[in-house]
Amino acid sequence: MYCLDPIVGGFPIDSLTLLHVVGARPNFMKIAPVLAATDSGRGWKNVLVHSGQHYDSIMSEAFFDDLGIRAPDWNLGVGSGSHAAQTAAVLAGLESVLDQEQPDLVLVVGDVNSTLAAALCAAKKGISVAHVEAGLRSRDRSMPEELNRVLTDQLSDLCFTPSRDGDANLRSEGVPEHRIHFVGNVMIDTLEKSRHRAAELHASERYGLCAGEYVVVTLHRPSNVDDPAQLARIVDAIDAIARDHPVLVPIHPRTQKNMERFGQTFASAKAIAPVGYLEMLSLMGSAGLVVTDSGGIQEETTALGVPCLTLRSTTERPITIDEGTNVLVPVRSKGAILEAFRSQWRRDVSHHLPELWDGKAADRIADAIEAWAGQRS
Ligand code: UD1
């Protein structure tokens, strides 16, 4: 009996080795569906590398558990550091892994330092790169993630975009058409798969909160939390909101450390340790409103149909404003945040989901990789 390799264009596509790199909290919900789709029935070898950029159990392991991601094959253990130190540690650490694993394709997700470092390491070694969540642009180059996005896309052979604005951004930067693949949003794959389990948690009850009547706040962006005056404006505004409505703040380690350093505390809002993926989804799903400076939460609140105030003057995810539930609030003063809160609290946010935010983005990514492998000579 003959066993034929599925050969398309001369390349045996069942012998592909894919190496996936993750590093920080927002990467994990993006890689989970991609790993599942590339693992299932195609005969490919999948290698998972964790850079160790995030290392606290609640910032990393908890997400692997919640999302059912298997343990990484490699952990580079890079930890915290300056941008240069962190990026350099991933570059140096990944090189010997690539030498040993010899992947055909390195997959990177999102826009954290580990994303750019892994893409650069692979490209320098002549290994093809795929970027999941390509094309997003805030056009604010003071934001570390914007540099990571622009450079990662330039290094990538396959740019998987979550929305059509991503395609347009890539075209305008000269990325050739054959590299651009509009596949939809992998974050929404994970959200769709998890929302029932999250709802069953009734996480709000654990904090004595009534559905629809409380606010969830997340903050971690350096532009908001590294400057004492800016952080004080935000903390004051959140506390003012908390005098009338319960406010829960799962606090990021960067924000926690800075508040301690600056001698700031929440007087009325309730700060809690960071929470896992399912608990956060559960809390957001029944919130009356979410205040954030995160990228992913702008998308998740759009999918959940919950009003969201994003404490930034730009977003790389404009579709969450045009078609979703998101409003940008540049933090000029405490009053600006309070005014935005009053206009959005309990706003009717009935809307439709953006194109291809349908829970099937990762399957389209796996199909595109199969087609790409088939075309390689
Ligand atoms: C990083 C990403 C950001 C992402 C965010 C999600 C970059 C440039 N930034 O920012 O895009 O939105 O993750 O959280 O890659 N820390 C801990 N434990 C940890 C991780 C960090 O205590 O497990 C503390 C350390 O003091 C560290 C600080 O948080 O110095 C910042 O961590 P870092 O990974 O540098 O950046 P984030 O602010 O988390």
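> Please set out the packing of aromatic side chains residue by residue, giving values where relevant.
This model, assessed by the stated rule, comprises three aromatic pairs. With centroids separated by 6.4 Å and ring planes inclined at 45°, the aromatic side chains of Phe28 and Phe63 adopt a geometry described as tilted. On the criterion of sequence distance, the pair formed by Phe28 in helix α1 (residues 25–39) and Phe63 in helix α2 (residues 61–67) is long-range, its members being 35 residues apart. Judged by relative accessible area, which is 3%, Phe63 ranks as buried. Taking 5.3 Å as the distance between ring centres and 25° as the angle between the ring planes, the aromatic pair formed by Phe341 and Trp345 counts as stacked. We note that Phe341, like Trp345, is buried. Taken together, Phe28, Phe63 and Phe64 form an aromatic cluster joined through their ring pairs.

> Could you give an account of the environment of Ala85, with specific residues and numbers?
Looking at the secondary structure, you find Ala85 in helix α3 (residues 83–101). The class for Ala85 is partly exposed, based on a relative accessible area of 43%.

> So, helix α13 (residues 296–304): which residues are in play, and what are the values?
Burial of α13 is extensive: nine of the nine residues sit out of reach of the surface. Those residues of α13 not exposed but buried are Gly296, Ile297, Gln298, Glu299, Glu300, Thr301, Thr302, Ala303 and Leu304. Gly305 lies just past α13 and shows a positive phi near 75°.

> Explain the site of the ligand to me, using residue names and the numbers behind them.
Close to the ligand lie 19 residues, the nearest being His54, Asn113, Glu145, His220 and Arg254. One of the backbone nitrogen or oxygen atoms of Asn113 is found 2.8 Å away from an oxygen atom of the ligand. Here an oxygen atom of the ligand and a side-chain polar atom of Lys257 are 3.0 Å apart. Considered on its own, the ligand offers 750 Å² of accessible surface; in the complex 89% of this is hidden by protein. Those elements that provide at least two residues to the shell around the ligand are α3 and α11 (253–262). Ranked by the residues each element gives to the shell around the ligand, the list is headed by α11, at three residues. Taken together, the residues of the shell around the ligand sort by class into six nonpolar, eight polar and five charged. Three or more residues apiece are contributed to the shell around the ligand by two domains, here domain 1 (13–184 + 357–376) and domain 2 (193–344).

> I'd like a rundown of the packing of α1 against helix α7 (residues 186–201), residues and numbers included.
For the pair α1 and α7, interaxial distance at closest approach is 8 Å and the crossing angle is 80°. It follows from the interaxial angle that α1 and α7 lie roughly perpendicular. Facing α1, whose interface residues are Met29, Lys30, Ala32, Pro33 and Val34, α7 presents Val186, Met187, Asp189 and Thr190. Of the residues in the contact of α1 with α7, the class split is six nonpolar, one polar and two charged.

> Requested: an account of unusual backbone geometry, with residues and values cited.
Unlike most non-glycine residues, Gln102 shows phi in positive territory, near 50°. Mapped onto the secondary structure, Gln102 falls in the loop between α3 and β6 (105–109). In this structure Gln102 comes out as exposed when scored by relative accessible area, which is 56%. The phi dihedral of Leu356 falls on the positive side, at around 65°, and the residue is not glycine. Assignment of secondary structure puts Leu356 in the loop between α15 (334–344) and α16 (361–375). Look at Leu356 and you get partly exposed, because its relative accessible area is 24%.

Cut-offs applied
- Residues numbered from 1 in each chain as written.
- Predicted model: local features only at pLDDT ≥ 70, side-chain atom pairs only at ≥ 80, totals over all residues.
- Heavy atoms only, no water.
- Phe/Tyr/Trp six-rings, centres within 6.5 Å; stacked < 30°, edge-to-face > 60°.
- Helix = DSSP H or I, 4+ residues; strand = E, 2+ residues; numbered from the N terminus.
- Buried < 20%, exposed > 50% of the residue type's maximum accessible area, 1.4 Å probe, protein only.
- Near = heavy atom within 4 Å.
- Polar contact = N/O pair within 3.5 Å; in protein donor to acceptor, adjacent residues only side chain to side chain.
- Areas by Shrake-Rupley, 256 points an atom, 1.4 Å probe, with all protein chains shown as cover.
- Nonpolar A, V, L, I, M, F, W, Y, C, P; charged D, E, K, R; others polar.
- Domains from an automatic or database assignment.
- Axes fitted to C-alpha atoms, helices over the stretch in contact; angles between N-to-C directions.
- Parallel < 35°, antiparallel > 145°, perpendicular 65-115°, else oblique.
- Contact = heavy atoms within 4.5 Å.

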